[in-house]
Amino acid sequence: VQLQASGGGLVQAGGSLRLSCAASGGTLRRYTMAWFRQAPGKEREFVAAIRSVGTTHYADSVKGRFTISRHNAAENTVNLQMNSLKPDDTAVYYCAADGTLILSQIRVENAYDYWGQGTQVTVSS
């Protein structure tokens, strides 16, 4: 499975962006999909995840502002709708996938086998 992230850019605080992660080489239907982000000088951190059964999980810092969802009938695209963006959301965002995770692993970076390249999100104040 190859993942391709897109949709990053520059936006003012309070604005919105939608990131997309498209898969090739297979369907994502049975995978847990997640977004992580890494700000300059900081470690990569969990943002959101959606499991194969459709349940979603969010970091406290984005809960209520970000929404992760699967898109299209083949479910090989996952979106991250980001609203009410803050300067602290500035980071490189990465999508990740794995087909074997249990619930306790969803927020763990090194539990994911497949990663897309990052897409830069910059939020100006």
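The coordinates are above.
*Asks:* Sorry if this is basic, but what is going on with the overall build of the protein here?
*Replies:* Scanning the protein from terminus to terminus reveals zero helices and 11 strands. Counting from the amino terminus, the protein carries its helices and strands in the arrangement β-β-β-β-β-β-β-β-β-β-β. Rg of the C-alpha trace for the protein: 13 Å, near the compact-globule value of 14 Å for 125 residues, within the 12% margin. Here the C-alpha coordinates of the protein stretch approximately 40 × 30 × 25 Å along the principal axes. Per-residue burial for the protein yields a buried fraction of 43% across its 125 residues. Taking the intrachain contacts of the protein between residues at least 6 apart in sequence as the baseline, contacts between residues at least 24 apart amount to 59%. Carbon and sulfur atoms make up 46% of the accessible area of the protein, which totals about 6300 Å².

*Asks:* Would you take a moment to explain the side chain of Asp89 for this structure?
*Replies:* Tracing the chain through its elements places Asp89 in the loop between strand 8 (77–82) and strand 9 (91–98). Polar side-chain contacts of Asp89 include one of 2.8 Å to the side chain of Arg65. Leaving out residues up to four positions away in the same chain, Asp89 has contacts with Arg37, Arg65, Phe66, Ser84, Val121 and Val123.

*Asks:* Quick question: what am I supposed to make of the state of the cysteines here?
*Replies:* By definition, a disulfide links the sulfur atoms of two cysteine residues through a covalent bond. In this structure the tally under the stated criterion is one disulfide. Through a disulfide, Cys21 is tied to Cys95; the S-S separation comes to 2.2 Å. Residues Cys21 and Cys95 are joined by a disulfide whose S-S torsion is about 65°; by sign, that bridge is right-handed. With Cys21 in strand 3 (residues 17–24) and Cys95 in strand 9, this pair connects stretches of sequence that are 74 residues apart. Classification of Cys95 as buried rests on a relative accessible area of 1%.

*Asks:* How should the nonpolar core be read in this particular structure?
*Replies:* Within soluble globular proteins, side chains that are nonpolar generally end up buried alongside one another. Counting 39 residues, the largest nonpolar core has Met33, Trp35, Leu80, Met82 and Tyr93 as its most contacted members. The set of elements that each furnish at least two residues to this core consists of strand 1 (2–6), strand 3, strand 4 (32–38), strand 5 (45–50), strand 7 (66–71), strand 8, strand 9 and strand 11 (119–124).

*Asks:* Looking at this structure, I do not really get the pairing of strand 3. What am I missing?
*Replies:* Within a regular strand, side chains alternate between the sheet's two faces. The pairing of strand 1 with strand 3 spans five bridges and is antiparallel. Bridged to Ser6 within strand 3 is Ser20. Bridge count between strand 3 and strand 8: six bridges; the pairing is antiparallel. Bridged to Arg18 within strand 8 is Gln81.

*Asks:* Sorry, what's going on with the side chain of Asp98 here?
*Replies:* On the secondary structure map, Asp98 appears in strand 9. Within the buried set, Asp98 has no salt-bridge partner at all; the shortest N-O distance to an opposite charge, 10 Å, is to Arg51. Within the local environment of Asp98, its side chain forms a polar contact with the side chain of Thr100, the two groups lying 2.8 Å apart. A distance of 3.0 Å separates the side chain of Asp98 from the backbone nitrogen of Asp113, its partner in a polar contact. Look past the residues within four positions of Asp98 in its chain and what remains in contact with it is Tyr31, Thr32, Ala111, Tyr112 and Asp113.

Conventions adopted
Residues numbered from 1 in each chain as written. Predicted model: local features only at pLDDT ≥ 70, side-chain atom pairs only at ≥ 80, totals over all residues. Heavy atoms only, no water. Helix = DSSP H or I, 4+ residues; strand = E, 2+ residues; numbered from the N terminus. Rg over C-alpha atoms; globule rule 2.2 N^0.38 Å. Buried < 20%, exposed > 50% of the residue type's maximum accessible area, 1.4 Å probe, protein only. Contact = heavy atoms within 4.5 Å. Areas by Shrake-Rupley, 256 points an atom, 1.4 Å probe, with all protein chains shown as cover. Polar contact = N/O pair within 3.5 Å; in protein donor to acceptor, adjacent residues only side chain to side chain. Disulfide = S-S within 2.5 Å. Core = buried A, V, L, I, M, F, W, Y, C linked by side-chain atoms within 4.5 Å. Pairing = 2+ DSSP bridges. Lys, Arg positive; Asp, Glu negative; His and termini not counted. Salt bridge = Lys/Arg side-chain N within 4 Å of Asp/Glu carboxyl O.

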